[in-house]
Amino acid sequence: MEEIFLAIIEKITDEMPQLALIDEDYGQLETDEDTYPVLFPCALVGNMQAEWNDTGLGQQQGTVTFTTRLAIDCYDDTHVGSGTTEKVRERLQLANELYKALQWFKPTDDMGPMFRIKGRNYSLPGGIKVYETMFQFEVVDKSAMDE
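So, here's what we can say about the structure. (Residues numbered from 1 in each chain as written. Predicted model: local features only at pLDDT ≥ 70, side-chain atom pairs only at ≥ 80, totals over all residues. Heavy atoms only, no water.)

Further remarks concern helix α2 (residues 86–102). Between its first and last C-alpha atoms α2 spans 25 Å; for 17 residues at 1.5 Å apiece the expected length is 24 Å, and the two agree. Listed in full, the buried residues belonging to α2 are R91, L94, A95, L98, Y99, A101 and L102. W104 sits one or two residues past α2 and shows a positive phi near 70°. (Helix = DSSP H or I, 4+ residues; strand = E, 2+ residues; numbered from the N terminus. Expected span 1.5 Å × (residues − 1). Buried < 20%, exposed > 50% of the residue type's maximum accessible area, 1.4 Å probe, protein only.)

Following this line, the structure appears as structure tokens:
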């Protein structure tokens, strides 16, 4: 699984060079800024979980889900009439870029393509907008098979 996780990080890095930070999500957005300063915009990848089924001889078939969080600091006042409503469009386009970078991505032969299964957005204190997307893929794990 570590190869897949690193491939996801590398894919985002290759497809979205405008991001200031791409990292594993371990709660950076929810901690004190002095503990781990986050640069924006950023993409965080985490919450990977799998449901496994034995297929025999040490091989397992899994359905894996993981989450990406695109976080953007929103300094612009975007109310109607402000003249900066275009910033809303730019944020949504950036979120769509992250989705398109990972949709149907298949970094190894032992897995099926990734696809989006859920999405939402929300705000955090300090003017941070978060676009969260959950992806899913199928994978075969042969690591416990006898050689």
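Let's shift gears to the environment of M16. Among the secondary structure elements, M16 is positioned in the loop between α1 (2–15) and β1 (21–24). Given the relative accessible area of 0%, M16 is considered buried. A sequence separation of 78 residues divides M16 from L94, and the C-alpha atoms of the two residues are 8.8 Å apart.

Through backbone hydrogen bonds, the strands of a sheet pair up, either in parallel or in antiparallel fashion. As summarised here, the arrangement of the five strands in space is β1-β2-β3-β5-β4, forming an open sheet in which the pairing is mixed. Two strands bound the open sheet, and with one partner strand each, they are β1 and β4 (115–124). Mean inter-strand twist for the sheet, computed between neighbouring axes without regard to direction, equals 20°. Pairing between strand β3 (residues 59–73) and strand β5 (residues 128–141): 14 bridges, direction antiparallel. If you follow T68 over to β5, its bridge partner there is T133. In this fold α1 packs onto β1, β2 (42–56), β3 and β5, with an angle of close to 145° to the strand it touches most, β2. Together, β2, β3, β4 and β5 form the strand contacts of α2, whose direction differs from that of β3 by roughly 160°. (Pairing = 2+ DSSP bridges. Axes fitted to C-alpha atoms, helices over the stretch in contact; angles between N-to-C directions. Contact = heavy atoms within 4.5 Å.)

For the coordinates displayed, the defined rule picks out six salt bridges. Between E86 and R89 there is a salt bridge, with its nearest N and O atoms 2.9 Å apart. A residue pair is termed a helical-turn pair when its members lie 3 or 4 positions apart in one helix, as E86 and R89 do in helix α2 at three residues. Classification of E86 by relative accessible area gives partly exposed; the value is 40%. With its nearest N and O atoms 2.8 Å apart, the salt bridge here joins E132 to R120. Highlighted residues: E132 in strand β5 and R120 in strand β4, separated in sequence by 12 residues. Owing to a relative accessible area of 18%, E132 belongs among the buried residues under this scheme. One connected set of salt bridges, linked through shared partners, spans D25, E30 and R69. (Salt bridge = Lys/Arg side-chain N within 4 Å of Asp/Glu carboxyl O.)

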